[in-house]
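Residue-level listing of the chains:
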Amino acid sequence: PSVDSLFVGTDIPTSPGNVKLVDANGIAHISWTAPNIGMNGEDIAPSQLTYDILRNDNQLVAHDISGTSFDDVSVDLNTSNQQFCQYAVKAKTVAGSSDYAMSNPIVKGAPYELPFHESFPNGSLSYGFWGTDGIGAKWSISSNTSSDNDGGCALFNPSRAEGSSTLYSGKINIAGLSSVKLDYDCYVTPGSNTKLLVEVRRPDMTVVKVDSIDMSTMSGTKGWKKRFVNISTTDAGNYCHILFHAISGDGVTN
């Protein structure tokens, strides 16, 4: 025997897509795309949908709203200690709710002032906030070596070929500046298939590359190499993050 099924009525929505969080002049702005199909494969019109928004401190900041964006004016992004801020959005119809879809995280809190100096002394942090993410590699704070004899550094440790990981600073105040200078030390292993990209991330989450090292093109002995980078901050916003994005080709070179 054959069995057929027919769904009649309003469908339960699938989760919202492309949930994005940005710092819009000090306001947490969340946007997303509306699901246009339900869990049973039926079309869903935008007029059928409402949304709930949950913040990562477990506060429900919006309930039964329409549209595909929301400004959370209840949170202050520019005061207190720096920490992650993130949101989750779920779609609803009269038939039920989708699962929550997560936004990207951003950092809230008062920006660090210039001059900003971090050398990870004795394997510790001078500034309370540093973030990291990656696949097949990780950054950690090490006390095994240093470029300035203070007993510490940030260590990129790959676990497989093509593994990559990003280490990024907290918010650094650049308000009113047209440029800043970045000095950093990198331990290079000439001839290894390892790359380091240095980037600046702005409040709107756009990322600009400001320096790069390709160790496969280098010759000579391995050791610490000092780099000096001038970064234009015109129209970059009131603060930025510095990102160190390392990519391993061999899976073994730290």
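Structure: above.
Residues numbered from 1 in each chain as written. Predicted model: local features only at pLDDT ≥ 70, side-chain atom pairs only at ≥ 80, totals over all residues. Heavy atoms only, no water.

## What about the packing of aromatic side chains?
Each aromatic ring pair is specified by the distance between its two centres and by the angle formed by the two planes. Applying the stated criterion to the full structure yields 11 aromatic pairs. For the pair phenylalanine 129 and tyrosine 168, a centre-to-centre distance of 6.5 Å together with 50 degrees between the ring planes defines the contact as tilted. Placement of phenylalanine 129 in the loop between strand S10 (106–108) and strand S11 (130–135) and of tyrosine 168 in strand S14 (residues 164–169) is noted, with a sequence separation of 39 residues between them. Ring pairing ties together the aromatic residues Tyr112, Phe116, Phe120, Tyr127 and Trp130, which thus form one cluster. The lysine or arginine in question, arginine 201, covers the ring of tyrosine 168, its NZ or CZ lying 4.7 Å from the ring centre. (Phe/Tyr/Trp six-rings, centres within 6.5 Å; stacked < 30°, edge-to-face > 60°. Helix = DSSP H or I, 4+ residues; strand = E, 2+ residues; numbered from the N terminus. Lys NZ or Arg CZ within 6 Å of the ring centre and 35° of its normal.)

## Some words on the pattern of salt bridges
For the structure shown, the criterion picks out six salt bridges. For arginine 55, the salt bridge goes to aspartate 72, with nearest N and O atoms at 2.8 Å. Taken together, the residues span a long stretch of sequence, with arginine 55 in strand S3 (residues 50–55) and aspartate 72 in strand S5 (residues 69–72) at a distance of 17 residues. Aspartate 211 is the partner of arginine 227 in a salt bridge, and the nearest nitrogen-oxygen pair spans 2.9 Å. Within this pair, whereas arginine 227 is found in strand S19 (residues 223–232), its partner aspartate 211 is found in strand S18 (residues 207–214), the two being separated by 16 residues in sequence. Overall, aspartate 211 belongs to the buried group, its relative accessible area being 14%. (Salt bridge = Lys/Arg side-chain N within 4 Å of Asp/Glu carboxyl O. Buried < 20%, exposed > 50% of the residue type's maximum accessible area, 1.4 Å probe, protein only.)

## What to know about unusual backbone geometry
In this structure, proline 115 follows leucine 114 across a cis peptide bond, with omega equal to 0 degrees. Mapped onto the elements of the fold, proline 115 is located in the loop between S10 and S11. For asparagine 18, which is not glycine, the phi dihedral falls at a positive 50 degrees. Within the secondary structure layout, asparagine 18 lies in strand S1 (residues 17–24). Judged by relative accessible area, asparagine 18 falls into the exposed class, the value being 63%. The backbone phi angle of asparagine 58 is positive, close to 70 degrees, even though this residue is not glycine. With respect to the helices, strands and loops of the structure, asparagine 58 is situated in the loop between S3 and strand S4 (60–65). Relative accessible area serves as the criterion here: at 61%, asparagine 58 is assigned to the exposed category.

## Looking at the side chain of aspartate 150
Structurally, aspartate 150 can be placed in the loop between strand S12 (137–142) and strand S13 (153–158). An unpaired buried charge is present at aspartate 150: no salt bridge exists, and lysine 226, the closest side chain of opposite charge, is 11 Å distant. A polar atom in the side chain of aspartate 150 sits 3.4 Å from the backbone nitrogen of glycine 152. The residues touching aspartate 150, leaving out its near neighbours within four places in the chain, are Ser119, Phe120, Pro121 and Asn122. (Lys, Arg positive; Asp, Glu negative; His and termini not counted. Polar contact = N/O pair within 3.5 Å; in protein donor to acceptor, adjacent residues only side chain to side chain. Contact = heavy atoms within 4.5 Å.)

## Observations concerning the nonpolar core
Nonpolar side chains in soluble globular proteins tend to be buried together. Tyr184, Leu196 and Ile242 are the most contacted members of the largest nonpolar core, which has 31 residues in total. Among the secondary structure elements, those contributing two or more residues to this core are S12, S14, strand S16 (179–188), strand S17 (194–201), S19 and strand S20 (239–248). Ignoring anything within four residues of it in the chain, the contact list for isoleucine 242 reads Leu167, Tyr168, Ser169, Ile172, Leu182, Val198, Glu199, Val200 and Ile231. (Core = buried A, V, L, I, M, F, W, Y, C linked by side-chain atoms within 4.5 Å.)

Interpretation in functional terms is not warranted from these geometric data alone.
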